[in-house]
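One letter stands for each residue in the lines below.
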Amino acid sequence: MIKAKIILLHGKVQQVGFRYYVYRLACELGVKGYVKNTPDGSVFIEAECEEHTMDVFIEHCKKGSPYSTVSKCDVSQGKIKNYTDFRIC
């Protein structure tokens, strides 16, 4: 069953290649949606995929890229929008 989540990551997550890390991870796992930087320095993700895949995706996002430091990860229920790919915005 497809799940939709909104993920907001805080910490040292901008200007460290974090969005590209999330993009590559999403493409590997088959996650659809997008990732973008926010004005407050966090990273916002809308993601759609199977439940088990979502769990794996979120855990990897929490760990972060080699140069990032994720201090907080907020996950909330999203609405399915039937994304066809994953993009960096």
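Refer to the structure presented above.
Since the model is a prediction, treat every value here as computed from it, not as a measurement.

Novice: How should the state of the cysteines be read in this particular structure?
Specialist: In total, this model carries zero disulfides according to the counting rule given. Looking at the unpaired C27, the closest cysteine sulfur is the one in C61, lying at 12 Å. Residue classification places C27 among the partly exposed positions, given a relative accessible area of 43%.

Novice: I would appreciate a short explanation of the pattern of salt bridges in the present structure.
Specialist: Side chains carrying opposite charge are able to pair once their charged atoms draw close together. Throughout the structure, instances matching the rule amount to four salt bridges. We note a salt bridge from K62 to E59, for which the minimum N-O separation is 3.4 Å. Placement of both K62 and E59 in helix α2 (residues 51-63) is noted, with a separation of three residues, approximately one turn of the helix. Classification of K62 by relative accessible area gives partly exposed; the value is 37%. E59 sits in the partly exposed class, given a relative accessible area of 41%.

Novice: What is the right way to read the packing of helix α1 (residues 18-29) against α2 from this model?
Specialist: Geometrically, a packed helix pair is captured by the angle between its two axes and the distance between the axes. Where α1 contacts α2, the two axes come as close as 11 Å, and the packing angle between them is 160°. The angle between the axes of α1 and α2 places the two elements in the roughly antiparallel class. When you trace α1 past α2, the crossing you get is right-handed. Facing F18, Y21, V22, L25, A26 and L29 of α1, the residues of α2 in contact are T53, V56, F57, H60 and C61. Looking at side-chain class alone, the contact of α1 with α2 contains nine nonpolar, two polar and no charged residues.

Novice: Before we go on, may I ask you to explain the nonpolar core in this structure?
Specialist: As a rule of thumb, nonpolar side chains are buried together in soluble globular proteins. Of all hydrophobic cores here, the largest spans 21 residues; its most connected members are F18, V22, I45, F57 and F86. Within the residue set of this core, elements represented by two or more residues are β1 (2-12), α1, β3 (43-50) and α2. Sorting elements by how many residues they give to this core places α1 first, with five residues. Filtering out sequence-adjacent residues up to four positions away, F18 remains in contact with L9, V13, V43, C61, G64, S65, S68 and V70.

Novice: Even after reading the chapter, I still don't get the pairing of β3, so can you show me in this structure?
Specialist: On a regular strand, each side chain points to the face opposite its neighbour's, so the side chains alternate between the two faces of the sheet. Along β3, seven of the eight residues are buried, which leaves the element largely enclosed by surrounding structure. Bridge count for β1 against β3 is eight bridges, and the pairing is antiparallel. Paired with I6 across the strands is E46, a residue of β3. Here six bridges tie strand β2 (residues 32-37) to β3, and the two strands are oriented antiparallel to one another. Within the sheet, the bridge partner assigned to G33 lies in β3 and is A47.

So, how was this worked out
- Residues numbered from 1 in each chain as written.
- Predicted model: local features only at pLDDT ≥ 70, side-chain atom pairs only at ≥ 80, totals over all residues.
- Heavy atoms only, no water.
- Disulfide = S-S within 2.5 Å.
- Buried < 20%, exposed > 50% of the residue type's maximum accessible area, 1.4 Å probe, protein only.
- Salt bridge = Lys/Arg side-chain N within 4 Å of Asp/Glu carboxyl O.
- Helix = DSSP H or I, 4+ residues; strand = E, 2+ residues; numbered from the N terminus.
- Axes fitted to C-alpha atoms, helices over the stretch in contact; angles between N-to-C directions.
- Parallel < 35°, antiparallel > 145°, perpendicular 65-115°, else oblique.
- Left-handed = near helix turned anticlockwise from the far one by under 90°.
- Contact = heavy atoms within 4.5 Å.
- Nonpolar A, V, L, I, M, F, W, Y, C, P; charged D, E, K, R; others polar.
- Core = buried A, V, L, I, M, F, W, Y, C linked by side-chain atoms within 4.5 Å.
- Pairing = 2+ DSSP bridges.

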